[in-house]
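Understanding the architecture of this molecule
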Amino acid sequence: MTATEIPQTRRWWARLAVALAFAAALVLIVFAGAMGTFFLLVTTCVGVAVAVAALYNSLLHRRIVRWVLLGIAVAAPIVVLVQFARRDLLWVVLVAYLLAALAAVCARAALRPERAGTMPEYDAPPPQRPVLLMNPRSGGGKVERFDLVRKAESLGATVVLLDGPGTVDVEALARTAVADGADLLGVAGGDGTQALVAGVAAEHDLPFLVISAGTRNHFALDLGLDRTDPATCLDALSDGVELRVDIGRLDERTFVNNASFGVYAEIVQSPAYRDEKRGTVLRMLPELLSGRSGARLAAHIDGNPSPGPQAVLISNNPYGTNDLTGLGRRARLDRGRLGVVTISVRSTRQAVGLLYRAHDHGLVRHTATEVVIDADTPTVPVGVDGESLVVPTPVRCTVQPGALRVRVPRTRPGVRPASPALDVSRLYHLALPGRRGEVYEHTSRTLQR
């Protein structure tokens, strides 16, 4: 697809959103000056600036300072509202609010992701000797809460519980099941465990069953499975279809979601990450980017050098363009491409602005079939599907197109398009006249395909 083939409606929605947002601010300022007093005009401008600054700076601090700044961000618009009410100008605020709401609607229309189509389904006979590995501790005890063992065994599956002292060698258990004649492997557990067994299933060309019993279940989300009731995933044993999806490889290890390096990997090592992934990323990423420590990285993306990134996220198929944390959605899992995000920033403020999509300085996105990560140290920390590892350098990441036969229920929720996030940087570029806005949007679409 060329830039000229991109529908112009997105650009006009973006321009309308920008115009309405400007009008909302203008209404407050003009009427505050024309119908109020100079004091009200100053109060409005200062109140908006204080609220924005306090909210922005709250992301740079922790504990009591953060709460104080959040309190200021809430109090500032209340003070402005009171001043308008004292002068019987509340209707001005309502008009500005309506314009801002319309701007948000137009922005979402401009940024709405296109449907990427659905992955082809293939009819598959029920397995005769399915083996399911279940982690009773995963997802806060979902295996027991949803009675997965009994339900699986009633469908003819052999269940192996990943419970007991010490570290369980999941790959060894999966290989033993294959040697004993299993014709399907499945996992009820987190994405890290899913990836290990998926690698064995792909190696032996066996169907693989995902049971959404983990905490976040990002792989299950992109497969269109029901994450609220993992027991529904077992329907694939009796009435299932197959999807041929890609898997990523980090040297000899499989990943189904992503591999992260640099400050991303430091976040994965945090004890809080497992219980609150998104909150931990949002809290730690700006601080770590601005106070960079550890190994100096170098990335080679399909042979093209990218020296000195502070963070690198490599995903099995690209994430949505507004997702820098790798915790969102992928439109497809069968494109045969790695998604690559590299980040290099100079300050905490730049990192926060980047994370919240106020700008895109220091961010580069790619798609590739091979990424090599090197460093000035013999080993580097890496997060692989949420699991923290240390691996020798250089590290080679590749994609294996269609390597995994995933068995899913014929009837399932499906992959819903992600709600568009308010990406100020992208909205601005879409609103630009001429070729620059077209090229930016074309690049964004290409990365999501």
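Residues numbered from 1 in each chain as written. Predicted model: local features only at pLDDT ≥ 70, side-chain atom pairs only at ≥ 80, totals over all residues. Heavy atoms only, no water.

This part takes up the overall build of the protein chain. From N to C terminus, the protein chain includes 14 helices and 17 strands. Across the 449 residues of the protein chain, 49% fall into the buried class. Contacts spanning at least 24 positions in sequence make up 74% of the contacts within the protein chain whose residues lie at least 6 apart. Of the roughly 20,700 Å² of accessible surface on the protein chain, a fraction of 59% belongs to carbon and sulfur atoms. (Helix = DSSP H or I, 4+ residues; strand = E, 2+ residues; numbered from the N terminus. Buried < 20%, exposed > 50% of the residue type's maximum accessible area, 1.4 Å probe, protein only. Contact = heavy atoms within 4.5 Å. Areas by Shrake-Rupley, 256 points an atom, 1.4 Å probe, with all protein chains shown as cover.)

The next thing to look at is the pairing of strand S8 (residues 258-262). By the criterion of burial, S8 is predominantly enclosed, with 5 of the 5 residues buried. Across 5 bridges, S8 lies against strand S11 (residues 311-316) in antiparallel orientation. Residue pairing for S11: Phe261 is matched across the bridge by Val312. Inspection of the sheet shows S8 paired to strand S15 (residues 379-384) by 3 bridges, in the antiparallel sense. Across the sheet, the residue bridging to Phe261 is Val382, located in S15. (Pairing = 2+ DSSP bridges.)

Any pair of aromatic rings gets described here by the distance separating the centres and the angle formed by the planes. If you walk through the whole model with that rule in mind, you get 0 aromatic pairs. Positioned above the aromatic ring of Trp12 is the side chain of Arg15, whose terminal nitrogen or guanidinium carbon lies 4.5 Å from the ring centre. (Phe/Tyr/Trp six-rings, centres within 6.5 Å; stacked < 30°, edge-to-face > 60°. Lys NZ or Arg CZ within 6 Å of the ring centre and 35° of its normal.)

Attention now moves to a nonpolar patch on the surface. Among the surface-exposed residues, Val42, Val46, Val50, Ile64, Val65, Trp67, Val68 and Ile72 lie close enough to one another that they form a single nonpolar patch of about 710 Å² accessible area. Only helix H2 (38-58) and helix H3 (63-86) provide two or more residues apiece to the nonpolar patch. Considering every element that reaches the nonpolar patch, the biggest residue donor is H3, with 5 residues. Inspection of the secondary structure assignment puts Val68 in helix H3. Judged by relative accessible area, which is 45%, Val68 ranks as partly exposed. (Patch = residues over 30% accessible without salt bridge, like charges linked within 9 Å, V, L, I, M, F, W, Y side chains within 5 Å. Salt bridge = Lys/Arg side-chain N within 4 Å of Asp/Glu carboxyl O.)

Note on helix geometry: an α-helix contains 3.6 residues per turn, so any two residues three or four positions apart are oriented the same way. When we look at burial in helix H7 (residues 170-179), the residues that qualify are Val170, Ala174, Ala177 and Val178. Down the axis of H7, the sector holding all buried residues measures 100°, keeping them to one side. Close packing links the buried residues of H7 with strand S2 (130-134), strand S4 (184-188) and helix H8 (191-203). The opening residue of H7 is Asp169, an N-cap whose side-chain oxygen sits 3.4 Å from the backbone nitrogen of Glu171. Positioned one or two residues after H7, Gly181 has a phi angle of 105°, which is positive. (Arc of directions from axis to C-beta. Polar contact = N/O pair within 3.5 Å; in protein donor to acceptor, adjacent residues only side chain to side chain.)

All right, on to the sheet that holds S11 then. With respect to topology, 6 strands assemble into an open sheet ordered S13-S12-S11-S8-S15-S16, the strand pairing being antiparallel. Bordering the open sheet on either side are strand S13 (363-368) and strand S16 (387-392), each of which pairs with just one other strand. Between one strand axis and the next, the sheet turns by 20° as a mean value, whatever way the strands run. (Axes fitted to C-alpha atoms, helices over the stretch in contact; angles between N-to-C directions.)

What follows concerns the environment of Asn258. Position of Asn258 relative to the elements: it lies in strand S8. For Asn258, a relative accessible area of 11% puts it in the buried group.

Topologically, Gly192 is positioned in helix H8. We classify Gly192 as buried; its relative accessible area is 6%. Put simply, Gly192 and Gly214 are 22 residues apart on the chain and 9.6 Å apart in space, counted from C-alpha to C-alpha. With near-sequence residues (within four places) excluded, Gly192 lies in contact with Asp385 and Glu387.

Turning our attention to the confidence of the model for the protein chain. When pLDDT is averaged along the protein chain, the result is 80, and 74% of the positions lie at 70 or above. For residues 439-449, every residue scores under 50 in pLDDT, and the model assigns this stretch 34 contacts once sequence neighbours within four places are set aside. (pLDDT = per-residue confidence, 0-100.)

On to the environment of Leu155. Inspection of the secondary structure puts Leu155 in the loop between helix H6 (148-154) and strand S3 (158-161). Look at Leu155 and you get partly exposed, because its relative accessible area is 40%. Sequence spacing of Leu155 and Leu234 is 79 residues, and the spatial spacing of their C-alpha atoms is 8.2 Å. Non-local contacts of Leu155, meaning those with residues more than four positions away in its chain, are made with Leu234 and Leu237.

Applying the stated criterion to the full structure yields 13 salt bridges. The shortest N-O distance in the salt bridge between Arg412 and Glu121 comes to 2.7 Å. Here the residue Arg412 occupies a position in the loop between strand S17 (395-409) and helix H13 (424-431), and Glu121 occupies one in the loop between helix H4 (90-111) and strand S1 (122-123), the gap between them amounting to 291 residues. A relative accessible area of 22% means that Arg412 is categorised as partly exposed. Among the residues examined, Glu121 registers a relative accessible area of 42% and is labelled partly exposed.

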